[in-house]
Amino acid sequence: MYELLANLGGWLTDGAQWTGPDGIAHRLAEHLQYSLLATLIAAAIGLPLGLLIGHTGRGAFLAINLASFGRALPTVGLVVLVFLAGGLSMLPVYVALVALAVPAIVTNTYAGMTAVDPDVRDAARGQGMRGHQVLLQVELPLALPLIMTGLRLALIQVVATATIAAYVSFGGLGRYVFDGLAQRDLVQVLGGAVLVAVVAIALDLALSGLQRLLFRHRTA
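Every value quoted in this text rests on a predicted model; they were computed, and no experiment measured them.

### Examining the nonpolar core
Core analysis: the largest hydrophobic core is formed by 23 residues, its most contacted members being Ala 38, Ala 42, Val 93 and Leu 97. Listed by contribution, the elements that provide at least two residues to this core are α2 (24–56), α5 (91–114) and α7 (131–161). A total of 10 residues in this core trace back to one element, the largest contributor, which is α5.

Okay, here's the thing in structure tokens:
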């Protein structure tokens, strides 16, 4: 074990390992690109859906069950299915990552909206606010903490799962995991896994800090 950890430390700190198209810096940039783009697409789908069903109360059963179904989908199986249908491209990876991220965003957005005190909504309407004004000026600000939590969960899940890009011969930190397995290089496999974990933890801490900064006045 000590030798394995020593070899891992040497692998991570080797300057040559960080340069070039197969270097850690390049693979990290690819991994972040896949993860952030997939999360943005998922947010563009999940946020409006969660806000709509939370505001109107319509379609909640269908949306939440569809979200649960999306969470239960096998990610690798979905990649293979889209790959067979659409050919070799990043499309299968993005489809799988978006399908993974949408449920957390929808459910947390919906939960945040339903947690808004009905009396607050009634008071806003009593002051003459229209539906969209109540949504944007009252419900959305109050629901934001849970919405942010959903985005955090979605991003961390996507970062951890974006290794599947290497499964269909693309890049990212998963390249080290799959190439290491093919070469029976345990140090490379472990190095890839450690890098993915560090990225996920770093992003979670960054978003957690941003969330505390944005909502510090609510807990003061």
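### Here we look at a nonpolar patch on the surface
A contiguous nonpolar surface patch, about 230 Å² in accessible area, is contributed by Leu 37, Ile 41 and Ile 45. Tracing the backbone shows Ile 45 in helix α2.

### Quick notes on the packing of aromatic side chains
Note on aromatic pairs: each is described by the distance of the centres and the angle between the planes. Counted by the stated rule, this structure contains three aromatic pairs. A centroid spacing of 5.1 Å and a plane angle of 90 degrees characterise the contact between Trp 11 and Tyr 176, whose relative ring orientation is edge-to-face. Taken as a pair, Trp 11 in helix α1 (residues 2–13) and Tyr 176 in helix α8 (residues 174–183) lie far apart in primary sequence, 165 residues in all. Residue Trp 11 shares its accessibility class with Tyr 176, and that shared class is buried.

### Quick notes on the pattern of salt bridges
The tally for this structure, following the rule as stated, stands at four salt bridges. Close ionic contact of Arg 27 with Asp 22 constitutes a salt bridge, the shortest N to O distance being 2.7 Å. Sharing partners across several salt bridges, the network here consists of Asp 22, Arg 27 and Glu 30.

### Structural notes on the environment of Leu 146
Inspection of the secondary structure assignment puts Leu 146 in helix α7. For Leu 146 and Ala 111, which are 35 residues apart along the polypeptide, the C-alpha to C-alpha distance reads 7.2 Å. Other than its neighbours up to four places away in sequence, Leu 146 contacts Asn 108, Ala 111 and Gly 112.

### Things to note about the side chain of Asn 108
Within the secondary structure layout, Asn 108 lies in helix α5. Within polar-contact distance, the side chain of Asn 108 engages the backbone oxygen of Ala 104 at 2.9 Å. Not counting chain neighbours up to four residues away, the residues in contact with Asn 108 comprise Leu 146, Ile 147, Thr 149, Gly 150 and Leu 153.

### Some points on the packing of α7 against helix α9 (residues 186–214)
With their axes 9 Å apart at the nearest point, α7 and α9 run at an angle of 170 degrees to one another. As judged from the angle between their axes, α7 and α9 are roughly antiparallel. For the pair formed by α7 and α9, the contact residues are Pro 145, Met 148, Thr 149, Arg 152, Leu 155, Ile 156, Val 159 and Ala 160 on the first element and Val 196, Val 199, Ala 200, Leu 203, Asp 204, Leu 207, Ser 208, Leu 210, Gln 211 and Leu 214 on the second. Classifying every residue of the contact of α7 with α9 gives 13 nonpolar, three polar and two charged.

### Notes on the packing of α5 against α7
Packing of α5 against α7 brings their axes to within 7 Å, and their N-to-C directions diverge by 150 degrees. Our classification of the angle between α5 and α7 gives roughly antiparallel. Pair α5 / α7 crosses with right-handed handedness. Split by residue class, the contact of α5 with α7 holds 15 nonpolar, seven polar and one charged.

Procedures and definitions
- Residues numbered from 1 in each chain as written.
- Predicted model: local features only at pLDDT ≥ 70, side-chain atom pairs only at ≥ 80, totals over all residues.
- Heavy atoms only, no water.
- Core = buried A, V, L, I, M, F, W, Y, C linked by side-chain atoms within 4.5 Å.
- Buried < 20%, exposed > 50% of the residue type's maximum accessible area, 1.4 Å probe, protein only.
- Helix = DSSP H or I, 4+ residues; strand = E, 2+ residues; numbered from the N terminus.
- Patch = residues over 30% accessible without salt bridge, like charges linked within 9 Å, V, L, I, M, F, W, Y side chains within 5 Å.
- Areas by Shrake-Rupley, 256 points an atom, 1.4 Å probe, with all protein chains shown as cover.
- Salt bridge = Lys/Arg side-chain N within 4 Å of Asp/Glu carboxyl O.
- Phe/Tyr/Trp six-rings, centres within 6.5 Å; stacked < 30°, edge-to-face > 60°.
- Contact = heavy atoms within 4.5 Å.
- Polar contact = N/O pair within 3.5 Å; in protein donor to acceptor, adjacent residues only side chain to side chain.
- Axes fitted to C-alpha atoms, helices over the stretch in contact; angles between N-to-C directions.
- Parallel < 35°, antiparallel > 145°, perpendicular 65-115°, else oblique.
- Nonpolar A, V, L, I, M, F, W, Y, C, P; charged D, E, K, R; others polar.
- Left-handed = near helix turned anticlockwise from the far one by under 90°.

Geometric descriptors of this kind do not, in isolation, establish any biological role.
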